[in-house]
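Below are the chains, spelled out letter by letter.
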Amino acid sequence: MSLLEGFKFRSKDTRIHKLDPRTKFIVVLVYTVLSLIFFEVIPLLIIFVSTIFLLYLAKSLGEWKKTMKGMIYFLIIIFILNFISIPENKFDYSLAMVLRFSVLTSIFSFFFLTTTPDELALAIEASGIPRDYSLMFTMSLRFVPTLAKDLQTIIDALRSRGLELEKGGIIKRVKNYTYVLIPLIVYEIRRSLMIAEALEARGYGAASKITPYYQLRMKRIDYFVSIGVLIVGLIVVLLKVKGLLPSLFYTRLFSI
Amino acid sequence: MANKENVIETKNLYFAYEGNKYILKNINLQIKRGEIIAILGENGAGKTTLIKHFNGLLKPSKGEVYILGKNTKESSVAELSRHVGIVFQNPDHQIFSETVEKEIEFAMRNFGFDKSYIKERVEWALRLMGLEKYRNRSPYTLSIGERKRLTLAAVLSYDPDILILDEPTAGQDFLQKERIAEMMNLLRHRQKTVIMVTHDIEFIVNRVERIIILAKGEILYDGDKREVLTNLQLLKKARLLPPQITQIAWLLQDNNIEVPTNILYIEELLNELLHLCKKVGLDESARRIQV
């Protein structure tokens, strides 16, 4: 589960943490678009390095590294699959895809490491989505660690009644793991019913306008960053579309 | 190496979930076959963490745990559970079958028991826990007390040598507690080893001989129940109350009525009071109490 370390919020005293979540979301959006319009190694490498820089500013490189380490096998699979499926320019393209995936992982890691679940909830609500739906989303996020714990509890219970999940051939073990599905689903459904009751017992839905504990406020730096990032992103997209980017960007690095 | 006489043995057991924040420290235990033991201690003392080592769910960070001579680090939980049945506190964490019957036979099917033997044992377990009429029902339609009985039935059915119960009497009414006590008697007669983690002092007073007290992850006391349950200093350290009868004896002592302070049972207190009445010449009162 150290893979998830890069997506759990950690409270740190950085300017990034103090930014409005909507600003950070715009950054994520722009980076996502930029990573998708490029298929070449050099531009993606530049974008990737800049995401590392963002994570450095957020003093969160440690957690990010743990997630990237956990992703290693995934990255290798992406590289291999691309390598064997495209006809030419194999090495460059596969490396580019690995970089693109890394950029997407890293920029979302950047977002979740620096945004509290509450801020996220507020941001979603502030964007006009009705509270019922925004609550669905943020509650699902909030319950991911709980679900992981429930999974472990069920696995322990099954093992304690003789279900072999540690030894034996891989096929038998996978088959045994399927015994986890039904109890997990039933357990989580019952839990959601209990949560619904608890919410109602505490007045959820009683008033259409709630008093929030925190309020999001865009400061000058937020406008500066979000508009700045949008402008840069727009410029890059335009340059790419008009073919005005320096040919350096398109250099082929490997001959395979 | 483990002493062959012990069904459970721990040697310098230390456990931490991460780093060196040890939840269990230097636990050394020898438990012999047929012992009936209660593990007491306040919440957070490490009781549940300790029993999870007895079927391999947790492996020691330092030290060793031997179950029936086997080092738990070398066995899987499924293998160890064949001999050690643990019934945890929350039944909803241990129920996962479509019907009550299937729940009870789950373990035996995993162990590859003979079909007719499984049928026999399922019948026995259903009858023992009073669940026959629910046999084809979904476990989720049972009440919480019934679900607790089901988890007990599911573990008793496969007849493990060692039975560990985590808070078996929590939330149970008097009838159910009697049922559980009956079951423990049955197990005692069959030379099974039973370990109970509990807060229910009144329940264990009559039913165990040996008490282990855990405090802050260490063993505070391991021995005779009378010595611990009547020892004020020890109980204070463990943050436990003595049985009510003992408390009465102490109150009487405080009020200058000469009864011994190591009383555990109603009968003992009664005898002492009768004795006192006779001494003081209160034969009338003595005859009335003697009813």
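Residues numbered from 1 in each chain as written. Chains lettered and ligands numbered in written order. Predicted model: local features only at pLDDT ≥ 70, side-chain atom pairs only at ≥ 80, totals over all residues. Heavy atoms only, no water.

### Some points on the nonpolar core
Logical step 1: Judged by nonpolar contacts, the single largest core of 50 residues is most densely connected at M183 and I211 of chain B.
Logical step 2: The residues contacting M183 of chain B, other than those within four sequence positions of it, are L128, M129, L152, L156 and L165 of chain B. (Core = buried A, V, L, I, M, F, W, Y, C linked by side-chain atoms within 4.5 Å. Buried < 20%, exposed > 50% of the residue type's maximum accessible area, 1.4 Å probe, protein only. Contact = heavy atoms within 4.5 Å.)

### Here's the deal with the sheet that holds strand β6 (residues 84-87) of chain B
One key point about sheets: their strands pair by backbone hydrogen bonds, in either a parallel or an antiparallel sense.
Residue and element names in this part refer to chain B.
Logical step 1: The six strands are arranged β6-β7-β8-β3-β9-β10 in an open sheet whose pairing can be described as mixed. Every other strand in the sheet has two partners, leaving β6 and β10 (218-224) as the edge strands with one partner each. Averaged over all neighbouring strand pairs, the angle between strand axes comes to 15°, with direction disregarded.
Logical step 2: Sheet analysis places strand β9 (residues 210-215) next to β10, joined by six bridges and oriented antiparallel. Paired with R210 across the strands is D224, a residue of β10.
Logical step 3: Where helix α5 (residues 144-156) meets the sheet, it contacts β6 and β7 (162-166), and its direction lies at approximately 175° from that of β6.
Logical step 4: Helix-sheet contacts for helix α6 (residues 174-189) involve β3 (36-40), β7 and β8 (193-197), and the interaxial angle to β8 is about 145°. (Pairing = 2+ DSSP bridges. Helix = DSSP H or I, 4+ residues; strand = E, 2+ residues; numbered from the N terminus. Axes fitted to C-alpha atoms, helices over the stretch in contact; angles between N-to-C directions.)

### Here we look at the side chain of D20 of chain A
Logical step 1: Looking at the element boundaries, D20 of chain A is found in the loop between α1 (15-18) and α2 (21-37).
Logical step 2: A distance of 2.8 Å separates a polar side-chain atom of D20 of chain A from the backbone nitrogen of R22 of chain A. (Polar contact = N/O pair within 3.5 Å; in protein donor to acceptor, adjacent residues only side chain to side chain.)

### Considerations on the packing of helix α4 (residues 61-85) of chain A against helix α5 (residues 90-114) of chain A
Working note: a packed helix pair is described by the angle between its axes plus the distance between those axes.
Residues and elements named next belong to chain A.
Logical step 1: Between α4 and α5, the least distance of the axes is 9 Å, while the angle of their chain directions is 150°. The angle between α4 and α5 falls in the class roughly antiparallel. For the pair α4 and α5, the crossing hand works out as right-handed.
Logical step 2: Among the residues making up the contact of α4 with α5, the classes are represented as 15 nonpolar, seven polar and two charged. (Parallel < 35°, antiparallel > 145°, perpendicular 65-115°, else oblique. Left-handed = near helix turned anticlockwise from the far one by under 90°. Nonpolar A, V, L, I, M, F, W, Y, C, P; charged D, E, K, R; others polar.)

### As for the pattern of salt bridges
All names here are of chain A.
Logical step 1: Evaluation of the coordinates by the stated rule reveals 26 salt bridges over all chains.
Logical step 2: Across the pair R191 and D150 runs a salt bridge, and its minimum N-O distance is 3.0 Å. Of this pair, R191 sits in helix α10 (residues 181-201) while D150 sits in helix α8 (residues 144-160); the two residues are 41 residues apart in sequence, bridging distant segments of the chain.
Logical step 3: The class for D150 is buried, based on a relative accessible area of 7%.
Logical step 4: One salt-bridge network, in which partners are shared between bridges, spans R10, K12 and E63. (Salt bridge = Lys/Arg side-chain N within 4 Å of Asp/Glu carboxyl O.)

### Quick notes on the packing of α2 of chain A against helix α11 (residues 220-241) of chain A
Residue and element names in this part refer to chain A.
Logical step 1: Direction vectors running N to C along α2 and α11 enclose 10°, while the axes themselves pass 9 Å from each other. One way to sum up the angle between α2 and α11 is to call them roughly parallel. For the pair α2 and α11, the contacting residues are T23, I26, V27, V30, V33, L34 and I37 in the first and D222, V225, S226, V229, L230, G233, V236, V237 and K240 in the second.
Logical step 2: Looking at the contact of α2 with α11 residue by residue, the class counts come to eleven nonpolar, three polar and two charged.

### Notes on the environment of V155 of chain B
Logical step 1: Within the element layout of this structure, V155 of chain B appears in helix α5.
Logical step 2: You can call V155 of chain B buried: its relative accessible area is 2%.
Logical step 3: Note: C-alpha distance between V155 of chain B and E64 of chain B (91 residues apart in sequence) is 25 Å.
Logical step 4: What V155 of chain B contacts, discounting residues up to four positions off in sequence, is R161 of chain A together with G85, I86, V87, P160 and L163 of chain B.

### Topic: the interface of chain B and chain A
Reports often express the size of an interface as the amount of accessible area lost when the parts come together.
Logical step 1: Counting residues at the interface gives 27 residues for chain B and 17 residues for chain A.
Logical step 2: Of all residues in chain B, H93, F96 and Y140 of chain B give up the largest surface area on contact with chain A, accounting jointly for 28% of the area buried on that side.
Logical step 3: The interface formed by chain B and chain A contains three salt bridges.
Logical step 4: Taking the shortest distance from any N to any O, the salt bridge between D92 of chain B and R190 of chain A comes out at 3.8 Å.
Logical step 5: At the junction of chain B and chain A, the tally comes to eleven residue pairs in polar contact (both at pLDDT 80 or more).
Logical step 6: At the level of secondary structure, the elements contributing two or more residues to the side of chain B that touches chain A comprise α2 (77-81), α3 (100-110) and α5 of chain B.
Logical step 7: By residue class, the composition of the side of chain B that touches chain A is 13 nonpolar, eight polar and six charged. (Buried area = accessible area lost by both parts, 1.4 Å probe.)

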